[in-house]
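# Coordinate inspection notes
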Amino acid sequence: MAKISASVFTSHVPAIGAALDLGKTGEDYWKPVFAGYDFAKQWEKEQKPDVVFLVFNDHATAFSLDMIPTFAIGTAAEYQPADEGWGPRPVPKVIGHPKLAAHIAQSVIQDDFDLTIVNKMDVDHGLTVPLSLIFGQVDAWPCPVIPFAVNVVQYPVPSGRRCFMLGKAIRKAIESYDEPLNVQIWGTGGMSHQLQGPRAGLINREWDNAFLDRLINDPEGLSKVPHIDYVREAGSEGIELVMWLIARGAMSDVNETKKGNAPTVRHRFYHVPASNTAVGHVILENN
Ligand code: DHB
Ligand code: FE
């Protein structure tokens, strides 16, 4: 049977992709950002996941206002890096896992969650920047990736509770797949940032760190935080953080945690700023 071995949480920021692609990682501004990911790159070489289930948000690249799926699962064989206005990032194409993705779609939809099936899509910085941060600058991504897009751009967005419960359904789906695959689930986006309006530039270190504490130790309680709190406290784009609850929901849950089966915190990192964003990064391993 397939198994979820670990979850990886990380912010995405287009300027991080540009810093990598333009060879700026050694600059004083960027050094402390990339230092926070040295552990993950080494760790991944040991973990050797067979598949990454990557929860991310599209930024009006694959989906426009013409069509706004709340939850969309990528079932394609491959995905090209999107042109976000400056040409596509010079990173490898993303190889999918259509068979596992179709199995997850079947299981999760029959478990009462409505997913949009996406057989063709380009992937923007929401997906390619986390891949670059965790796997480094490589000629080919080391494993297939199942992109799972969440609408956090156009209201209404899904609640934390819905995301957390969906994570549990995804775990059940993966654990019922009849091949011994080592699957990781990644939650991406966030942390606090606001890109527009009078509060542009907003960062909230205290709220972000409390979010990380609760993500680790009280995910169920955290899932009840309403979307308006994210927007008020973490900025209009801070709502991206709700996606982390999908990945956390797929890990050992609160009841298991009480029995002493909590996931192990392998790495935790927080840095301000990268572009307009507070950067957070956590790695949890299932026991
Ligand atoms: C920035 C952050 C984002 O999440 C995004 O999608 C675009 C830009 C930024 O910090 O500049
Ligand atoms: Fe974003």
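Now for a description of the structure that goes with this document. No experiment lies behind these values; they were computed from the predicted model shown.

## So, the overall build of the protein chain
In terms of regular secondary structure, the protein chain is built from 11 helices and 10 strands. Taken over the C-alpha trace, the protein chain has a radius of gyration of 17 Å; the compact-globule value for 287 residues is 19 Å, and the two agree within 12%. For the C-alpha atoms alone, the extent of the protein chain along its principal axes is close to 45 × 40 × 40 Å. Intrachain contacts of the protein chain at a sequence separation of at least 6 include 80% that bridge at least 24 residues. Here the protein chain carries 25 positive and 33 negative side-chain charges, and the mean point of each set is 5 Å from the other.

## Observations concerning the sheet that holds strand β10 (residues 277-285)
Overall, mixed pairing links the 8 strands, which are arranged β6-β3-β7-β2-β8-β1-β10-β9 in an open sheet. With one partner strand each, in any of the chains shown, β6 (116-118) and β9 (264-274) form the two edges of the open sheet. Taken over all neighbouring pairs, the strand axes of this sheet differ in orientation by 20° on average, direction set aside. Pairing between strand β2 (residues 51-56) and strand β7 (residues 145-150): 5 bridges, direction parallel. Bridge pairing in β7 links valine 52 to valine 145.

## Quick notes on helix α5 (residues 125-135)
With 11 of its 11 residues buried, α5 lies for the most part within the structure. The complete set of buried residues in α5 reads His125, Gly126, Leu127, Thr128, Val129, Pro130, Leu131, Ser132, Leu133, Ile134 and Phe135. One or two positions beyond α5, positive phi appears at glycine 136, with a value near 80°.

## Focus: the side chain of aspartate 208
Within the secondary structure layout, aspartate 208 lies in helix α7 (residues 205-217). The charged side chain of aspartate 208 is buried without a salt bridge, its nearest counter-charge being arginine 205 at 7.9 Å. Apart from residues no more than four positions distant in its own chain, aspartate 208 is found in contact with Met191, Ser192, Leu241, Tyr270 and Ala278.

## What about the coordination of the iron ion (ligand 2)?
The iron ion (ligand 2) binds to the protein through His12 (NE2), His59 (NE2) and Glu240 (OE), with metal-donor distances spanning 2.1 to 2.2 Å. Donor residues for the iron ion (ligand 2) sit on one chain with the sequence pattern H-x46-H-x180-E. Of this pair, histidine 12 sits in the loop between β1 (3-10) and α1 (14-21) while histidine 59 sits in the loop between β2 and β3 (71-74), and the two are 47 residues apart along the sequence. For histidine 12, a relative accessible area of 2% corresponds to the buried category.

## As for the pattern of salt bridges
This structure, assessed with the given rule, holds 11 salt bridges. The salt bridge involving lysine 99 is made with glutamate 179; its shortest N-O contact spans 3.5 Å. Of this pair, lysine 99 sits in helix α4 (residues 98-110) while glutamate 179 sits in the loop between α6 (160-175) and β8 (182-188), and the two are 80 residues apart along the sequence. Among the residues examined, lysine 99 registers a relative accessible area of 56% and is labelled exposed. Close ionic contact of aspartate 111 with lysine 172 constitutes a salt bridge, the shortest N to O distance being 3.2 Å. Here lysine 172 lies in helix α6 and aspartate 111 lies in the loop between α4 and β6, a separation of 61 residues in the sequence. For lysine 172, a relative accessible area of 49% corresponds to the partly exposed category.

## Digging into the site of ligand 1
Looking at ligand 1, the residues that line it are His12, Val13, Pro14, His59, His125, His193, Leu195, Glu240, Ala274, Ser275, Asn276 and Thr277. Between histidine 125 and ligand 1, the recorded distance is 2.9 Å, taken from a side-chain N or O atom to an oxygen atom. About the coverage of ligand 1: the protein hides 89% of its 290 Å² of free accessible area. Split by residue class, the shell around ligand 1 holds 4 nonpolar, 7 polar and 1 charged.

## Considerations on α6
Because each turn of an α-helix spans 3.6 residues, side chains separated by three or four positions end up pointing in the same direction. An ideal rise of 1.5 Å per residue puts 22 Å on 16 residues; α6 measures up with 23 Å between its terminal C-alpha atoms. Taken together, the buried positions of α6 are Gly160, Cys163, Phe164, Leu166, Gly167, Ala169, Ile170, Arg171, Ala173 and Ile174.

## Concerning unusual backbone geometry
Note that the residue after tyrosine 155, namely proline 156, is joined by a cis bond; omega there is 5°. At the junction of glycine 190 and methionine 191, the peptide bond is cis and its omega measures out at 0° in the coordinates. The topology assignment puts methionine 191 in the loop between β8 and α7. At aspartate 112, a residue that is not glycine, the phi angle is positive and equals roughly 85°. Residue position: aspartate 112 is located in the loop between α4 and β6. What makes aspartate 112 exposed here is its relative accessible area of 60%. Despite not being glycine, serine 275 has its phi angle at roughly 55°, a positive value. Residue classification places serine 275 among the partly exposed positions, given a relative accessible area of 35%.

Analysis parameters
Residues numbered from 1 in each chain as written. Chains lettered and ligands numbered in written order. Predicted model: local features only at pLDDT ≥ 70, side-chain atom pairs only at ≥ 80, totals over all residues. Heavy atoms only, no water. Helix = DSSP H or I, 4+ residues; strand = E, 2+ residues; numbered from the N terminus. Rg over C-alpha atoms; globule rule 2.2 N^0.38 Å. Contact = heavy atoms within 4.5 Å. Lys, Arg positive; Asp, Glu negative; His and termini not counted. Charge placed at Lys NZ, Arg CZ, Asp CG, Glu CD. Pairing = 2+ DSSP bridges. Axes fitted to C-alpha atoms, helices over the stretch in contact; angles between N-to-C directions. Buried < 20%, exposed > 50% of the residue type's maximum accessible area, 1.4 Å probe, protein only. Salt bridge = Lys/Arg side-chain N within 4 Å of Asp/Glu carboxyl O. Donors = N, O, S within 2.8 Å, 3.2 Å for Na, K, Ca; no water. Near = heavy atom within 4 Å. Polar contact = N/O pair within 3.5 Å; in protein donor to acceptor, adjacent residues only side chain to side chain. Areas by Shrake-Rupley, 256 points an atom, 1.4 Å probe, with all protein chains shown as cover. Nonpolar A, V, L, I, M, F, W, Y, C, P; charged D, E, K, R; others polar. Expected span 1.5 Å × (residues − 1).

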